Amino acid sequence: MVVSAAIAAAFAVTGCAPAGYNAADYGNAAEPASNTAASPGATADPAATSDPAAEADPDATAPPGSGTTAALSDDQVTNKLTGTAVKRMGEVVENEDGFVLYRFDGDANNPAKSNCNGDCAKVWEPALTNDGKPALKGVAASVVGTVTRADGTKQLTIKGWPVYHYIGDKEPGQWKGQNVSGKWFVIKPDGAKNLTCLPNISKPVAPPADDSGSDSADTGSSGSDYSY
């Protein structure tokens, strides 16, 4: 029975991978994912997973258009949030280009706070906004808000959780950021973590190189020196 269960679990992980991916092809494609099955944050803590009653602190959600930072250009902001479904993962939220959004266990949602800054924000790009009013489809307006980041920009939140894009996702609908570092998870339209598929914990890709005359970064290389 134990052997059968182990075999079934192995097939479940492989079958869980997005179409065309290897089971280890998450985060750092050049290095196999660790053998750790799942992080504590990926287990069934109802409060951490589904947030059925969590509400963002109104004082932590910045009013649309407030602040003194310069307006961001159209290509810097997330203009649309779409609740949809993708194969093997199920419910996700995508931006206007079809890229899947994530939430971070290192953040907080009550009150809302983003703790991903510096190199972290180069790998996990915040879904920024000027007015806090993206077009919505399949995502309730009542769960969408904003939080002011450390640099003064405004980031979209879903049920208080700041949302991000992962630079390791190269095509719309990919979700290679799932369970990266055991802290990053696909976000559902209600703000909950989507735990339908939990590949082994993997490392994030490395942040892009600085624009100092060097070539652009190989985002498929190891991010092993980073904890985010």
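Quick note: structure is the one above.
As the structure is a computational prediction, the values presented were derived from the model and not from experiment.

Conventions and cut-offs
Residues numbered from 1 in each chain as written. Predicted model: local features only at pLDDT ≥ 70, side-chain atom pairs only at ≥ 80, totals over all residues. Heavy atoms only, no water. Buried < 20%, exposed > 50% of the residue type's maximum accessible area, 1.4 Å probe, protein only. Helix = DSSP H or I, 4+ residues; strand = E, 2+ residues; numbered from the N terminus. Pairing = 2+ DSSP bridges. Polar contact = N/O pair within 3.5 Å; in protein donor to acceptor, adjacent residues only side chain to side chain. Salt bridge = Lys/Arg side-chain N within 4 Å of Asp/Glu carboxyl O.

A few points about the pairing of strand β10 (residues 154-158)
Here is step 1 of the chain: β10 sits mainly inside the fold: 5 of its 5 residues count as buried.
Here is step 2 of the chain: The alternating pattern of β10 places K154, L156 and I158 on one face and Q155 and T157 on the opposite face, and all of these are buried.
Here is step 3 of the chain: Here strand β7 (residues 128-129) pairs with β10 via 2 bridges, running antiparallel. Among the inter-strand pairings, L128 is bridged to a residue of β10, identified as Q155.
Here is step 4 of the chain: Sheet analysis places strand β9 (residues 144-148) next to β10, joined by 5 bridges and oriented antiparallel. In the sheet register, T146 faces β10, and the bridge partner there is L156.
Here is step 5 of the chain: Hairpin geometry of β9 and β10 is characterised by an intervening segment of 5 residues between the two adjacent antiparallel strands and by a positive phi of about 95 degrees at G152.
Here is step 6 of the chain: As judged from the 2 bridges shared by β10 and strand β11 (residues 161-162), these two strands associate in the antiparallel manner. Within β11, the residue paired with T157 across the bridge is P162.
Here is step 7 of the chain: In textbook terms, the turn of a hairpin is the stretch between consecutive antiparallel strands, and for β10 and β11 this stretch comprises 2 residues, one of which, K159, has a positive phi near 55 degrees.

Here we look at the side chain of N109
Here is step 1 of the chain: With respect to the element layout, N109 can be found in strand β4 (residues 108-109).
Here is step 2 of the chain: Judged by relative accessible area, which is 10%, N109 ranks as buried.
Here is step 3 of the chain: Only 3.3 Å separates the side chain of N109 from the backbone oxygen of K159, close enough to count as a polar contact.

Some points on the pattern of salt bridges
Here is step 1 of the chain: All told, the structure shown has 3 salt bridges when counted by the stated rule.
Here is step 2 of the chain: One salt bridge in this structure joins D119 and K122, with 3.4 Å as the shortest N-O distance. Pair noted here: D119 and K122 are both in helix α3 (residues 119-123), with a separation of 3 residues, about one helical turn.
Here is step 3 of the chain: By relative accessible area, D119 is classed as partly exposed at 31%.
Here is step 4 of the chain: Residue K122 is classed as partly exposed on the basis of its relative accessible area of 31%.

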